[in-house]
Amino acid sequence: MGIMDSLSNFLGQRDGDFVKLDSMSNAFGPGPLLCCYGIPAGIDDEEIQDMIADGAPSAASKAKVVRVSDTDDNVMDLSLQEALESMVDGSLATTTTASLETSAAALDVPVLFFSGFGNAEMMAVYNILGREIYEETGGRSKSACAKAVPNAMEKPLRQVLTEIASDHTDAIASSQA
């Protein structure tokens, strides 16, 4: 069984849990915002902004980058809608690059969560930043990517990020089986 067959089987078993990008081509959610969860501290916010400029030139001048960690209870326990709005308007303090440990702070599955980006620009930024995360972690971490969708906006941010990381791990495992 090939990788595409395995991925198709995985998605078939999880029917209703995913929104196909082609069914939601417009930007959705507050932003443009890139919420970074568990990415290595060796990739600083300025570098991320440069990657956004390369992949999403129309969003770059307005895009905000926010790092969150499991210890950011003030934002992680909010609904996705509330958390994203707070990140965009800057009303909540979140993790900064300086407060993160070095590469050890990276999760096995870093999550890049986009809000207010169109699909093409989101994927372009993900391809650039995902490759950088992979290289920064010496090939240990393959980042997950997701986009704000209407059916997730009432869930707590912590739950959304955990589900994304778990789904990514399951998809990778099924493609390697």
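Keep in mind that this is a model prediction, so the values were computed, not measured. Counting restarts for each chain: residues are numbered from 1 in the order of the written sequence. This being a predicted model, a pLDDT of at least 70 is required before a residue's local features are given, and a value of 80 or more before pairs of side-chain atoms are given or counted; all residues contribute to the totals for chains, interfaces and linings. Only hydrogens and water are removed before side-chain values are computed, so all heavy atoms of the structure are retained for them.

Enquirer: So what about helix α6 (residues 119–136)? Which residues, and what values?
Expert: Residues separated by three or four positions in an α-helix point in the same direction, a consequence of the helix having 3.6 residues per turn. If you check α6, its first and last C-alpha atoms are 25 Å apart, about what 18 residues at 1.5 Å a residue would give, namely 26 Å. The set of residues buried in α6 consists of Asn 119, Glu 121, Met 122, Val 125, Tyr 126, Leu 129, Gly 130 and Ile 133. An end-on view of α6 places all buried positions within 150° of arc, on one side of the element. Opposite the buried face of α6, by more than 90 degrees, sit the exposed residues Ala 120 and Glu 135. Should any heavy atoms of two residues lie within 4.5 Å, those residues are considered in contact. Counting from the N terminus, the helices are DSSP H or I runs at least four residues long and the strands are E runs at least two residues long. Contacts from the buried residues of α6 go to β1 (33–37), α2 (45–55), α3 (57–60), β3 (111–115) and β4 (144–147). Gly 138 sits one or two residues past α6 and shows a positive phi near 60°. Working rule for helices: expected span equals 1.5 Å times residues minus one. Throughout, exposure labels follow a simple rule: accessible area from a 1.4 Å probe, protein chains only, divided by the maximum for the residue type, with under 20% read as buried, over 50% as exposed, and the rest as partly exposed. Think of the arc as the fan of directions from the helix axis to the C-beta atoms.

Enquirer: Would you mind going over the sheet that holds β4 in detail, with residue names and values included?
Expert: Strands qualify as paired when DSSP identifies two bridges or more between them. One open sheet accounts for 4 strands, arranged β2-β1-β3-β4; its pairing is mixed. Either end of the sheet is taken by a strand with one partner, and the two such strands are β2 (64–68) and β4. Between one strand axis and the next, the sheet turns through 20° on average, direction left out of account. Of the pairings in the sheet, the one linking β1 to β3 comprises 5 bridges and is antiparallel in character. Among the inter-strand pairings, Cys 36 is bridged to a residue of β3, identified as Leu 112. Fitting a line to C-alpha atoms yields each axis, with helices limited to the stretch in contact; the angle taken between N-to-C directions then spans 0 to 180 degrees. Where helix α5 (residues 80–89) meets the sheet, its contacts fall on β1, β2 and β3, and the angle it forms with β2 comes to roughly 125°. Strand contacts of helix α7 (residues 157–176): β1, β2, β3 and β4, with the helix running at about 125° to β3, the strand carrying the most contacts.

Enquirer: Explain the environment of Ile 48 residue by residue, including any values.
Expert: Tracing the sequence through the fold places Ile 48 in helix α2. Judged by relative accessible area, Ile 48 falls into the buried class, the value being 0%. In this structure, the C-alpha to C-alpha distance between Ile 48 and Val 65, residues 17 residues apart in sequence, is 7.5 Å. Apart from the residues lying within four places of it in its own chain, the contact partners of Ile 48 are Leu 34, Cys 36, Ile 39, Ile 43, Val 65, Arg 67 and Leu 129.

Enquirer: Please give an account of the nonpolar core that cites residues and values.
Expert: We define a nonpolar core as any set of buried Ala, Val, Leu, Ile, Met, Phe, Trp, Tyr and Cys residues linked to one another through side-chain atoms lying within 4.5 Å. Ranked by size, the top nonpolar core spans 25 residues in total, and within it Val 68, Leu 80, Met 87, Val 111, Phe 113, Leu 157 and Leu 161 carry the most contacts. Residue assignment for this core shows that the elements contributing at least two residues are β1, β2, α4 (73–76), α5, β3, β4 and α7. It is α7 that contributes the most residues to this core, 5 residues altogether. Apart from the residues lying within four places of it in its own chain, the contact partners of Leu 157 are Val 75, Met 76, Leu 78, Ser 79, Leu 80, Ala 83 and Met 87. If you look at the next biggest cluster of nonpolar residues, it comprises 20 residues, including Leu 34, Ile 39, Met 122 and Ile 133.

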